[in-house]
Amino acid sequence: MALYEYVTQEQLAGFDKYKYSAVDTNPLSVYIMHPFWNFLVKFLPTWLAPNLITFTGFMFLVLNFLMLAFFDFDFTASSAGHEHVPSWVWVAAGLFNFLAYTLDGVDGKQARRTNSSTPLGELFDHGLDSWACVFFVATVYSIFGRGESGVSVAILYYILWVVLFSFILSHWEKYNTGILFLPWGYDISQVTISLVYLVTAVVGVETWYQPAVWSFLYRDLFIFMIVGECSLVSPSLFGHLFRAHRSNTLKHSSLYEALLPFLSPVLLFLLSTAWVVFSPSNILDLQPRIYYLMVGTAFANVTCKLIVCQMSNTRCQPLNWMLLPMTAVVLLAVTGVLSNETTLLYLWTAAVILAHIHYGISVVQQLSGHFNIFAFSLKKPSRD
């Protein structure tokens, strides 16, 4: 029995008809990573549930986030004159990041190998991917930090939003075309960052203080890499949408209906940015890690609900209910009604995380019951 039935009967009926459709044209993925994952999956026991692989990979990213939060909570450890993160932490971060990427690649292959592919598996995978964005970005930030040769917390905030919007764009495209075109930037960034963690362990963070090319610092290359890879999504995305429009295969003929999934993400961006800009105590500078976590978790909740609508071929709801209390929270903060913004941020972040976990558990339980499966086991439940 689900904690709460977030998935409607219409959506459950849509899940019954769902067929996975995705296109991956990245040469790194097609010619290197997929053969590697096909090789690895043969060593996995056939009793191992794909969702358990997915969840384990996600937890490696959470572990990286928590590990760097312990050694570099406010993103100052990589700055000159501060105690740096130990080298072994960077080694662990590189290994954990690559393990997370690898497990994210083999979970679907394990599902097909064990004949256990279900819509729940895809939803679980992509739902956790949407939450993983913030853990990935915040952990990478510790390499450069917020010092003189690093990246300001404000710039990193907007970089985080570039990553988040590039993620939801792929699923918005599928909402309109029925096909998920996998972005090239994901595979490139995962392999690159895993290597950068390991290189940092060997050469130290001081290496990143030096100019990389001419007067460009490594932090400039970091910004260019993240923004550039995410920007690869847009040209191909609109090309696919244009071809779908020309062939009359778009699922939503109305421009309003097609753009509907963007309303909640844009409002979330406006609300969170308003708090950053008008904060009396400069909350982003005081608590950047917690603020990023709050924004990334709220965004994951919005994205998960889009993915449910996309997979069940149902209409996306205009507003996410979480935006209503968040509006009140932002107003309390920027007007100075509550003077302790840090406490307010911590309380709201805890509420957002708990609400998102409750939503995730409820949806997983509801779909597990609907398909008569266990989420983390290949055994079949009895119908008694």
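Heads up: the structure comes first, above all this text.
Scoring rules and cut-offs
Residues numbered from 1 in each chain as written. Predicted model: local features only at pLDDT ≥ 70, side-chain atom pairs only at ≥ 80, totals over all residues. Heavy atoms only, no water. Patch = residues over 30% accessible without salt bridge, like charges linked within 9 Å, V, L, I, M, F, W, Y side chains within 5 Å. Areas by Shrake-Rupley, 256 points an atom, 1.4 Å probe, with all protein chains shown as cover. Salt bridge = Lys/Arg side-chain N within 4 Å of Asp/Glu carboxyl O. Helix = DSSP H or I, 4+ residues; strand = E, 2+ residues; numbered from the N terminus. Buried < 20%, exposed > 50% of the residue type's maximum accessible area, 1.4 Å probe, protein only. Expected span 1.5 Å × (residues − 1). Contact = heavy atoms within 4.5 Å. Core = buried A, V, L, I, M, F, W, Y, C linked by side-chain atoms within 4.5 Å. Phe/Tyr/Trp six-rings, centres within 6.5 Å; stacked < 30°, edge-to-face > 60°.

Enquirer: Whenever I open this one, a nonpolar patch on the surface confuses me. Can you help?
Expert: Among the surface-exposed residues, L52, F55, M59 and F376 lie close enough to one another that they form a single nonpolar patch of about 320 Å² accessible area. Inspection of the secondary structure puts M59 in helix α3 (residues 50-71). Judged by its relative accessible area of 36%, M59 falls in the partly exposed class.

Enquirer: Would you mind going over helix α11 (residues 263-278) with me for this structure?
Expert: The α-helix winds at 3.6 residues per turn, so residues separated by three or four positions along the chain end up facing the same way. Across its 16 residues, α11 extends 22 Å between first and last C-alpha, which sits within 8% of the 22 Å expected from 1.5 Å per residue. On its buried face, α11 sits against α6 (153-177), α12 (283-286), α13 (288-312), α14 (323-334) and α15 (341-371).

Enquirer: Looking at this structure, I do not really get the nonpolar core. What am I missing?
Expert: Taken as a class, soluble globular proteins show a tendency for nonpolar side chains to be buried jointly. By size, the foremost hydrophobic cluster in this structure holds 105 residues, and its most contacted members are F135, W275, Y291, Y292 and M294. Setting aside anything within four residues of it in sequence, one finds Y291 in contact with Y157, S272, W275, V276, I283, L284 and L345.

Enquirer: How should the packing of aromatic side chains be read in this particular structure?
Expert: One pair of aromatic rings is described through two measures. These are the centre distance and the angle between the planes. Tallied over the full model, the rule gives 28 aromatic pairs. Here the aromatic rings of F39 and F43 are separated by 5.1 Å at their centres, their planes lie at 70 degrees, and the arrangement is edge-to-face. On the basis of relative accessibility, which here comes to 59%, the residue F43 falls in the exposed class. Ring centres of F58 and F135 lie 5.9 Å apart, and the angle between their planes is 70 degrees; this geometry places the pair in the edge-to-face category. On the criterion of sequence distance, the pair formed by F58 in helix α3 and F135 in helix α5 (residues 119-144) is long-range, its members being 77 residues apart. Joined through ring pairs, the aromatic side chains of F36, W37, F98, Y101 and Y186 make up one cluster.

Nothing here speaks to function; it is all geometry.
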